[in-house]
Each structure stands twice: as structure tokens, then as C-alpha cells.
Amino acid sequence: MSRRALVLDGLWYSLCPSFTALSLSRSTAFPKSKGRNPRLYQLPSISSPSSGSRRCYNTSGGDSSKFSYNAAHHNDRSEAREPRENEYRDARLSPDSTYARPPTRRKDPLYTRTHKVQDDLLGKTNEGLESRLQYAMDNKPNIRHITQILRLLIRDRHVQPNARHYKALILANTDNERGSPQLVRGLLEEMENNGITADSGTLHGALQVLAVHPDYLLRQEILNKLRDRWLTLSPAGWHFVAAGLLRENQIELALEHVALMGRKDIFVENWLHSIIVYTLCDHGELDEVYNVMRARVDQGHDMTHRLWMHVLTEAGRQGHYPMAHYVWRRMVELGYMHPLIEVCDDVLKMAANAGDTEMASSVFRYLRESGISLERTQYERLVETHVAAGDLPAAFEALCTMHEAQIPLADSSTERVLAHMIQSKVDRREAWQILKRLKNAKRTIPIDSVRVIADLCEHDAHDDPSVVDDGVGFYKELYTLCPEGADVRVYNALIRMCRTARNRESGMFLVKEMASLGVVPNGVTFESIILMCLDAGNFRSGFMYFQDLMKRDTRLSPETQEEIREICAGSVDEFAMRLQYHPFIRDDVRKLDEELQQKQKEREANEQAGRHPVPPAVRRLNMSDEQRRDYNKERRKKKRRRLAIEQNMREEGWDEWEAGGTDNGSAKSE
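Residues numbered from 1 in each chain as written. Predicted model: local features only at pLDDT ≥ 70, side-chain atom pairs only at ≥ 80, totals over all residues. Heavy atoms only, no water.

(A) Structural detail: the packing of helix 25 (residues 467–476) against helix 27 (residues 488–500). Between helix 25 and helix 27, the shortest axis-to-axis distance is 10 Å and the interhelical angle comes to 160 degrees. With respect to helix 27, the axis of helix 25 lies roughly antiparallel. Our pair here, helix 25 against helix 27, has a crossing hand that is left-handed. Facing helix 25, whose interface residues are V467, V468, G471 and Y475, helix 27 presents Y491, L494, M497 and C498. Of the residues in the contact of helix 25 with helix 27, the class split is seven nonpolar, one polar and no charged. (Axes fitted to C-alpha atoms, helices over the stretch in contact; angles between N-to-C directions. Helix = DSSP H or I, 4+ residues; strand = E, 2+ residues; numbered from the N terminus. Parallel < 35°, antiparallel > 145°, perpendicular 65-115°, else oblique. Left-handed = near helix turned anticlockwise from the far one by under 90°. Contact = heavy atoms within 4.5 Å. Nonpolar A, V, L, I, M, F, W, Y, C, P; charged D, E, K, R; others polar.)

Okay, structure coming up:
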């Protein structure tokens, strides 16, 4: 029987790098050659894959046309490492790359393996190896496993390579770490050079590789080949093209491609849909994500919980309320998903901005059912939600709930309520009636709710002086709502209201109430009383209250200092002058006093050390005429100020008066 001629093509030398004409002459399965070829075929070094980093999508088990996006999106975001030369010397070949090398005498076996072959493969027949190769192609192609099988088939057992073997090598490049589009291009070129036609399966396998390692030029060449041969692009091929476009960030083109798939009645697999959603989220296109996911659900297809959770997290992070509302209603409220507390806070914040009370109540209900202890910021979001919805009674009720939960209220808890009442011009009497109705409903009213209404009265006093009567009336009814009584902040708001309305009598009534009930005033209280006395022209009482403030080691705010200087500037009253030029009210006087004290300390230190300062006359000798004039002018100016301050301190006795408290100050003013 005649034997078939052995063709030593490129695939042969790729899979059998140690096989040469010398070994052929020694083989008993083939006729001996008369001479030995001294030339050995060896591959050149393989250049690295395409430049630039790529994220890779791994293949999933069970079907080689499907992708596992979880590994792709979370585990395979690192850059694909460059292949080592020894790893890919059998995966790409060029039959012209030979070089001369002196022949070596070999002992059996006739070759040396570059990689260790698995022991379970050595005992399999050719049919078993072919089945193993087909199984690896259909499930999860691995470049090392496939090359080991092909080594045994072609190099060791001299099986003639065919298109299916090339396809196996091409599919092996779907390996997200070791695959490369350059190797695929080289294999396709070798098939063409060796006269092996790439069938539809091989070309689709190349498209699958390009979905993992994108190369738009090679993809277009493959698509042109399919079109030129009148080969139809399979549904899996449509998916591979769309995935490659997404990997190249050609999002609009990929979405158009997917829309064309829908018009051709090609079902979009879950893995491709997940890639679309993840990619759109990465680029902040949540409007498009919202449309894509709603369309997917309307078609009757579900998505993984991991995808729903990722979309909800991104919607909360980017502040996309429609998407967060849709996911929360569909997944969280029905108990299919349990987001983290940080995600709940983001959703609650968006609900507060949108004024969606149902959504905020749903988040609160989920947090309570999950056993999560609520914090002040979460209650404040609930208050903001009711305020944004225009439901003032519900906002006050939320403050009561917060107070009953033993969570102290802060300024941030009530500032949105006050801003809403001012902007909406809520009647102060109506707001007070809301608190009374809550009290009748056996709710505990926090004093901060009363202070909000007092602040509203202060604001209304700018346009309506009669608001003082309502404010004082609210104060007299306060103990029915809050048995603990008013705090200093409520008194401060009411006193500022009296000062704004220029009602000094009501202001003094509130001051005496503070003194009789033992409420300790703070700096804000004294500032309001001082300004109220100065507005009434009683500079003496204002100065005495100022002395009380100084004895408490408290200082006036810059705004109050400026206001005192403006009021006292138009008066020639003795106490107005004292206030106007006091070191803690006038900055230049304070600086001059500090300079005098510093010079006195330096003078005393020099005397103790025995140092004598340089006389001013000596210093002036080294000055120019202009410098000397400026120096003398500044010196005379400081001297006049110093003498004026010392004279005022001697004559007026700023530190001799002893304050007797709030009632004493008010009695002296009378």
C-alpha cells in the first residue's frame, strides 16, 4: 500500500519544534531519506501583543460562545500581561524563518518537549485526543491545554494538520491573559499561505477572540471575508462584534449594532446585555441604562442580582433618581435585594431632593426591618423630604419622632423647615397650631421646634412690628408644649425679634424672665441687649452690659463690633465714646494698646538685662530726610493716641464699675 506524503507546513513546525528532517530519516513509520537536512526549523521570537492595556472578558464553561461577565468586569480589569516567548513559540509560525545550525546526534526519544505533557493525554488514542480537543474548544479553550493536545497529535503521532486544528489554536487565544489578536492574524495568514481555507467556524472563532482582545482592523477584515464568501454572520458572531465594539468604547456604534440585532429578531444574550449595562455605567450614561433595563424587563427577561445591585449603587453615587427609584421599587421593596446602608443613604438623599415621601418612607421602613439603628442625618433626610413635598405637619412630626428616639436635634435638623416657612410665607399662628395639635396627639415636642417658630417671628418682625405680641404670646404658652421651658436660644430669638421691631419693653420683659428663671445668658444674649439699648439711645446701659460681657471673658462678634461703631459714631455721649474707642471694639486702638504693652515688656526686659536701647536721636542720624519726617510724624501720632487713652482711663474709670447682673444693668438704665 502506498503511503501518503508527509507535508511539513507551518503548523507542523509550530507544534513540533524539535521535529526535523533528521528525525524523519530515523522514523520507522516513514521511508528513510538518502540524506540528512542540516537545517533545523525554529520560530523567531514573538513580539508582544498590540500596544496599550486592555480589559479582558473571560469565557464561561459550558458554551464557548458565551462570556462570563462577572470575571470580566471584576476580576479581569487588570491589564493583559504580555506573553512570554516560550509560551507562544508553538502558537504562531512562519515557514520561512529558518537558520542553519550544525546537526546534533540525538538519542531516543527523537525530540525534547518544551512543555511537560499531561500524563493522562499520553495514553489516549488519536480519536480520544481529537475528542478532548473538541471538548476544550466547545467549553473553555485553554492555550496550554490545546497546544499540548496538538503536540501529541501532530508532532508525536504525525497527524496531518487541518482547519480544525487551526481553529482550536485560534479559539485558544480567547484566554484573557495569554491570548493576542496578532497571533490570530498570523494563524489566518498561515492557513491562507498553506492553502487551507478558513471556514465559517474558524472566522467566527477569530471574532470571538476579538471580542476579548479587540482589533478593529482585523475584525473588519474578517467581516469582509464572510461577506465576500457569502457566509452568514451567526447570532453568536453578532454578539462577538457588539462585545468588541464595547471593548473599544465605541458605545454608540455598539448600541446601533444591538438595535439592528433586534430588528433581525436576534435575541441578545444575558452576558452581552450585562456588558452593555456595565459599560454604560462606567461612562455615566445612566439615562441610557434606564432605557435599556426597562426595555429588557418589558420583554420578560430578568437580570442577575449582581447587575441590579451595581446599577442601584451607581445610580445613588451619580444622583440618578429615576434609575434608583425603578430598581428600589422592583427589587428592594419586594425583598429580592438587600443594599448596603451607604446605598440607602444615597437613595434617601435623592428622595429628599425630589420630595418623594413614599420613597423616603420605604427606605426608612427597610432600615428598621433590617435592624439598622437610625442616625440623625437619616432623620434629617426624612424631614427634608416632607419639607420638599410641602407637608409642614409631617416635617414637625418627623422632628418629634427624632426627639422621641433620643436623638438630639441640631441646627441642620430645622434649617430646612425654617427656610420653607420663610419662602412659603407660612403664618406663624398656623405653625404654632401644628405644634399644639401634635401635643394633643400625645407627641413629645422638642424645644427646637419652638425655636424655629421664634426664628420665624424674628424674620417677620422686619415687616410687621406687631409680631412681637404673637411672639410673647407664644412664649407664655410655651410651657404647655414643653414643660422643661425655653432655653437660651429661644430667648435669644425672641430678644432679637424685639430689637428688630424696636419694642424695648417686651425685650426687657424677656430679659427679666431669663434672670428670674435662672437661664444663663451667653454672648449672643448680651449682644442683642447691648444693641437694643444703643438703638434706644441708652448708651450708659449698653456700656454696662458690655462690661458684664467683658467680665465673662466673652468677646463680641465682628458684625456686632461694626454695628456698635456705626451707632456710636453719630453720638457725642460719654458712654458712646467709651464704647466706640474701646480696644475690644475698635481694632486700631486695640493694636495700639498691644504695641504699648509690648514696648513696655521690652523696656522692662532690657532694664533687667542691663541693655540700653539706642536713643531715637542716634537712630534718626542714619535716616534720610524723607524717612526722618515719616518717622517723626508716626511717633507724634502714636504719642497723641497713647496720651488720650491714658487720660480716658484715669478720668472715666473704665474698670472701676462693678456689674450687678442683668437686673442691675436694667435698673441703672432707668
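Moving on from the coordinates now.
(B) Examining the environment of S541 more closely. Here S541 lies in helix 30 (residues 539–551). Under the relative-accessibility criterion, S541 is labelled buried at 1%. The sequence separation of S541 and I530 amounts to eleven residues, and the corresponding C-alpha distance is 7.7 Å. A polar side-chain atom of S541 sits 3.0 Å from a polar atom in the side chain of N538. (Buried < 20%, exposed > 50% of the residue type's maximum accessible area, 1.4 Å probe, protein only. Polar contact = N/O pair within 3.5 Å; in protein donor to acceptor, adjacent residues only side chain to side chain.)

(C) Molecular detail of unusual backbone geometry. Despite not being glycine, K425 shows a phi value in the positive range, around 55 degrees. You can see K425 is positioned in the loop between helix 22 (411–424) and helix 23 (428–440). In this model, K442 sits at a positive phi of 65 degrees, which is unusual for a non-glycine residue. Along the polypeptide, K442 turns up in the loop between helix 23 and helix 24 (447–460). Accessibility expressed as a relative area gives 76% for K442, which makes it exposed.

(D) Molecular detail of a positive patch on the surface. On the surface, K633, R635, R636, K637, K639, R640 and R641 cluster together into a patch of positive charge. Tracing the sequence through the fold places R641 in helix 35 (residues 625–652). (Patch = residues over 30% accessible without salt bridge, like charges linked within 9 Å, V, L, I, M, F, W, Y side chains within 5 Å. Areas by Shrake-Rupley, 256 points an atom, 1.4 Å probe, with all protein chains shown as cover. Salt bridge = Lys/Arg side-chain N within 4 Å of Asp/Glu carboxyl O. Lys, Arg positive; Asp, Glu negative; His and termini not counted. Charge placed at Lys NZ, Arg CZ, Asp CG, Glu CD.)

(E) Expanded view of the packing of helix 18 (residues 341–354) against helix 19 (residues 357–369). Relative orientation of the contacting elements helix 18 and helix 19 amounts to 160 degrees, with a least axis distance of 9 Å. Taken as axis vectors, helix 18 and helix 19 run roughly antiparallel relative to one another. Read as a crossing pair, helix 18 and helix 19 show a hand that is left-handed. On helix 19, the residues touching I341, C344, V347, L348 and A351 of helix 18 are M359, A360, V363, F364, Y366 and L367. Per-class residue counts for the contact of helix 18 with helix 19 are eleven nonpolar, no polar and no charged.

(F) How the structure looks around the environment of M402. Mapping M402 onto the fold places it in helix 21 (residues 392–404). Residue classification places M402 among the buried positions, given a relative accessible area of 0%. Note: C-alpha distance between M402 and V383 (19 residues apart in sequence) is 9.6 Å. In contact with M402, not counting residues within four places along its chain, are R376, Y379, I407, P408, L409 and S413.

(G) Focus on the nonpolar core. Core analysis: the biggest nonpolar cluster contains 154 residues, and V417 and M421 have the highest contact counts within it. The residues touching V417, leaving out its near neighbours within four places in the chain, are V383, V387, L392, A395, F396, L399 and V452. One finds I149, L152, L153 and I154 within the second-largest nonpolar core, a separate group that totals five residues. (Core = buried A, V, L, I, M, F, W, Y, C linked by side-chain atoms within 4.5 Å.)

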